[in-house]
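# Report on the structure
What follows is each chain in one-letter form.
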Amino acid sequence: MPFYRLKTGIVHVKGTRLPAPCNARVLMDGQQQPCMAPSAFLCDGPSSANRSGTCDAPLCEAHARQTGPNRHLCPACHLSQSKAALQRSLFTSLV
Ligand SMILES: [Zn+2]
Ligand SMILES: [Zn+2]
């Protein structure tokens, strides 16, 4: 039974088979807080922390960055992927 952050505030939703709350951090009242909106996607970013090999962070529609058909990244994975792409392009331009 997950907690969701809805417009009315934090709500404890009863029931099974509900999507996990969104794992993305948002700035609220000057503090980083979990978004907690009902998730619609899972992050497909690479992660060595999970046995599945993907990050699997639950993401709401607002925080899922679509990178391809049925591929979504959480803000953290999106950042590290764009950093890696930047490093690659720096590297190739040096060579
Ligand atoms: Zn979210
Ligand atoms: Zn991720």
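Look above for the structure.
Remember, predicted model here, so these are calculated numbers, not experimental data. (Residues numbered from 1 in each chain as written. Chains lettered and ligands numbered in written order. Predicted model: local features only at pLDDT ≥ 70, side-chain atom pairs only at ≥ 80, totals over all residues. Heavy atoms only, no water.)

Another point: the overall build of the protein. From N to C terminus, the protein includes one helix and eight strands. Seen in sequence order, the protein has helices and strands lined up from the N terminus as β-β-β-β-β-β-β-β-α. In terms of its C-alpha atoms, the protein occupies a principal-axis envelope of roughly 55 × 35 × 25 Å. The burial tally for the protein puts 25% of its 95 residues in the buried class. Counting only contacts in the protein whose residues sit at least 6 apart along the sequence, the fraction spanning at least 24 positions is 28%. When the accessible surface of the protein is totalled, it reaches about 6900 Å², and 57% of it is carbon and sulfur. Considering the protein, the positive charge centre built from 10 side chains and the negative charge centre built from 4 side chains are found 3 Å apart. (Helix = DSSP H or I, 4+ residues; strand = E, 2+ residues; numbered from the N terminus. Buried < 20%, exposed > 50% of the residue type's maximum accessible area, 1.4 Å probe, protein only. Contact = heavy atoms within 4.5 Å. Areas by Shrake-Rupley, 256 points an atom, 1.4 Å probe, with all protein chains shown as cover. Lys, Arg positive; Asp, Glu negative; His and termini not counted. Charge placed at Lys NZ, Arg CZ, Asp CG, Glu CD.)

Turning next to the nonpolar core. Counting residues in hydrophobic clusters, the biggest one holds eight residues: C43, C55, A57, L59, A64, L73, C74 and C77. Of all hydrophobic cores here, the second largest spans six residues; its members include A24, V26, C35 and C60. (Core = buried A, V, L, I, M, F, W, Y, C linked by side-chain atoms within 4.5 Å.)

What follows is about the coordination of the zinc ion (ligand 2). Taken together, the protein ligands of the zinc ion (ligand 2) are C43 (SG), C55 (SG), C74 (SG) and C77 (SG), with distances of 2.2 to 2.4 Å. For the zinc ion (ligand 2), all donor residues lie on one chain, and their spacing in sequence is C-x11-C-x18-C-x2-C. Within this pair, whereas C55 is found in the loop between β5 (41-42) and β6 (58-59), its partner C77 is found in helix α1 (residues 75-94), the two being separated by 22 residues in sequence. The exposure class of C77 is buried, given its relative accessible area of 11%. (Donors = N, O, S within 2.8 Å, 3.2 Å for Na, K, Ca; no water.)

Turning our eyes to something else, we now look at the pairing of strand β1 (residues 3-6). Pairing geometry for β1 and strand β2 (residues 9-12), over four bridges, is antiparallel. Along β2, the bridge assignment pairs F3 with H12. Where β1 folds back onto β2 in an antiparallel hairpin, the turn is made up of two residues. (Pairing = 2+ DSSP bridges.)

As for its position among the elements, R5 is in strand β1. Within the buried set, R5 has no salt-bridge partner at all; the shortest N-O distance to an opposite charge, 7.2 Å, is to D29. In terms of polar contacts, R5 uses its side chain to reach the backbone carbonyl oxygen of P34, at 3.0 Å. Among residues more than four places away in sequence, those in contact with R5 are I10, M28, Q33, P34, C35, M36 and A37. (Salt bridge = Lys/Arg side-chain N within 4 Å of Asp/Glu carboxyl O. Polar contact = N/O pair within 3.5 Å; in protein donor to acceptor, adjacent residues only side chain to side chain.)

Moving on, we come to the coordination of the zinc ion (ligand 1). At this site the zinc ion (ligand 1) is bound by C22 (SG), C35 (SG), C60 (SG) and H63 (ND1), with donor distances of 2.0 to 2.3 Å. Spacing between the donor residues of the zinc ion (ligand 1) along the chain follows C-x12-C-x24-C-x2-H. Residue classification places H63 among the buried residues on the basis of a relative accessible area of 16%.

Bringing the side chain of H72 into the picture now. Residue position: H72 is located in strand β8 (residues 71-73). Excluding residues that lie within four positions of it along the chain, H72 makes contacts with F41, L42, C43, D44, G45, A64, R65, Q66 and T67.

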